[in-house]
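Chains, contacts and geometry: an overview
Residues per chain are reported as follows:
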Amino acid sequence: MAALNSLLAPHSSFPSKTPRSFPAPLSASFHYSVLRLSSSIKNARLHCHASASSSAAAVVTEAEPDAAGEGEKFDWFAHWYPVAPICDLDKRRPQAKTVMGLDLVVWWDRTKGRWQVFDDHCPHRLAPLSEGRIDPWGRLQCVYHGWCFDGSGSCKYIPQAPDDGPPVHTFRKACASVYPSFEQNKILWFWPSTDPQCKGIAVKAKPPYIEELDDPSYTSTMGMRDLPYGYEVLIENLMDPAHVPYAHHGIMRIPKSLTSRVNADREGGSPIDIRIETSNINGFLAQRDIGYNKFIAPCVFYSAPHRLMSGNGSASSSDVQGGSALKTLQKQRRFLLIFMCIPVSPGRSRLIYVFPRNFAVWVDQVVPRWIFHVGQNLILDSDLYLLHVEERKFAKAGYSNWPKVCFVPTKSDAMVVAFRNWLRKYSNNQINWGTTSSEQLPPTPPREQLMDRYWSHVVQCSSCRDALKVLKALKLSLQIISFASVGIVTALNQSMISTITRTAVVSSAVICFLASKWLSVFIYKNFYYHDYDHAFR
């Protein structure tokens, strides 16, 4: 898998916001170090198996970072960030997004035939361009005073400037700020710097690539959700498989083959053997009995089952003995969990998820995407409040005190510990927001607002938006049919229709009315707000 190789790639050398120069070509010494690191992964596997009988606490200690890279620091403004799935972007209008504390406007440039990402302010009086429109000439228009911009950010028209006056629209200060953007894996990515040196960054560095997302033999149904807790809590929660049978009890089914204890508790939790094989500034690779997990800093985390592997963790034809084994590899049923965790602002994050598989592909072609989102949103809601409160307790204790306030003695916490060690080692225990955002967490809103689905998901999802419109129209139609039927029966004389017909019409009216009430509850719970009470699960 191409994405696995990215762990061994050097991190970008851009400093924050104002990069000095592009990275130099890789040196021979770097290639030698990669070979040594690949060899160390094999040795790490042998060490992990040899020490399987060691205590859980010792395993967690092994996840502590080595001193070799203590001087390196992760530059949060020198990496690609996912903005949104392409399928959820609307070409008819500009859309507002926030990533890394930066306010963005995403719009379709039909002249160049690509998505553009601008800073969400007009250079005139800082009005949000996301509240604007795409004009008939395909330009982004600010609706405050009508200034128009093309895909390169150049101002093309200022209505208030006289034709015989100076060409003020050509001045540099009249230009909009443009971020580099790139489409890959059906997702729009952006580079968080408007410095002119970064204009061609996509030629020199690309986002992490996951080949299954472009493989037509795999499904690639995506979803997205804004969450009221920060990036750090989001990503460590996804790295924690042990919470699933408890925090998501009654929603997610756990295969009996994964539980080793009988009648220990109702939920069926069990020990999970997770081993960190390698870790550096670019992320880490972890192994489990059922597969492997990969963190590609800063945003990508995914889980995949084991298959025939080469030395660096990717599939290789040289590992397959004979044509029949190769056919077996190609036909192997595979299911991946891919998460893209996006830092929005302190206490806010965004999750893009996709679970590609190469079997039962027809299901995704028949079942509407919003049906899948109903279940996935319920899963996200079930531990949302826990994580929101947990983050505030971490902040109160101090982010650097995470190892002191948390007791993580089992192997199931190995990835959580590895991520916190990565964050401590390369980023001083938290995201460097630069000067773009305050690091103070926002206040906790009422529970119904905290667990809101409409603004955090529905308005951003093209499938759920359309489904909500259809369901609302259906509810209104049922109510009209119900009241109209009763009105017709009441207006007609008893002699004009039989008792059987009258009863049938009234019954259908009652059924339509009850169906509209049920549909109203269904719409509210699945598109607006659905609480989750763990005590009664």
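Residues numbered from 1 in each chain as written. Predicted model: local features only at pLDDT ≥ 70, side-chain atom pairs only at ≥ 80, totals over all residues. Heavy atoms only, no water.

The subject of this paragraph is the nonpolar core. Core analysis: the largest hydrophobic core is formed by 86 residues, its most contacted members being Trp76, Phe190, Phe295, Phe419 and Trp422. Sorting elements by how many residues they give to this core places helix H12 (residues 414–427) first, with 9 residues. Non-local contacts of Phe419, meaning those with residues more than four positions away in its chain, are made with Tyr231, Glu232, Ile235, Glu236, Met239, Phe284 and Phe295. Counting residues in hydrophobic clusters, the runner-up holds 15 residues, among them Phe118, Ile134, Trp147 and Ala174. (Core = buried A, V, L, I, M, F, W, Y, C linked by side-chain atoms within 4.5 Å. Buried < 20%, exposed > 50% of the residue type's maximum accessible area, 1.4 Å probe, protein only. Helix = DSSP H or I, 4+ residues; strand = E, 2+ residues; numbered from the N terminus. Contact = heavy atoms within 4.5 Å.)

Mapped onto this structure's residue numbering, the UniProt feature "transmembrane region" (unreviewed entry) falls at residues 473–492 and 504–524. End-to-end, the C-alpha atoms of residues 473–492 are 28 Å apart, and along that stretch the chain is 95% helix and 0% strand. Between the C-alpha atoms that bound residues 504–524 there is a distance of 30 Å. The span itself is 100% helix and 0% strand. (UniProt positions renumbered as here; feature names shortened; annotations may be inferred.)

A word on the sheet that holds strand S15 (residues 291–296). Taken together, the 7 strands give an open sheet; going across it, the order is S12-S18-S17-S16-S15-S14-S13, and neighbouring strands pair in antiparallel fashion. Each end of this open sheet is capped by a strand with a single partner; those strands are strand S12 (222–227) and strand S13 (274–280). Between one strand and the next, the sheet's axes are offset by a mean angle of 15°, whatever the strand orientation. Of the pairings in the sheet, the one linking strand S16 (residues 300–305) to strand S17 (residues 337–345) comprises 4 bridges and is antiparallel in character. From the neighbouring strand, Tyr302 faces S17, where its bridge partner is Ile338. Sheet strands touched by helix H9 (residues 369–382): S12 and strand S18 (348–354). Its angle to S12, the strand with the most contacts, is close to 35°. With respect to the sheet, H12 is in contact with S13, strand S14 (283–288), S15 and S16, its orientation differing from that of S13 by roughly 20°. (Pairing = 2+ DSSP bridges. Axes fitted to C-alpha atoms, helices over the stretch in contact; angles between N-to-C directions.)

Attention now moves to helix H10 (residues 384–397). With 14 residues, H10 extends 20 Å between its outermost C-alpha atoms, agreeing within 8% with the 20 Å of an ideal straight helix rising 1.5 Å per residue. What H10 keeps buried is the set Leu384, Leu387, His388, Glu391, Arg392 and Phe394. In a view along the axis of H10, the buried residues occupy a sector of 155°, so they form one face of it. Among the exposed residues of H10, those oriented more than 90 degrees off its buried face are Lys393 and Lys396. The secondary structure elements touched by the buried residues of H10 are S12, helix H5 (231–238), H9, helix H11 (402–405), H12 and helix H13 (447–450). Directly after H10, the chain includes Gly398, whose backbone phi takes a positive value near 100°. (Expected span 1.5 Å × (residues − 1). Arc of directions from axis to C-beta.)

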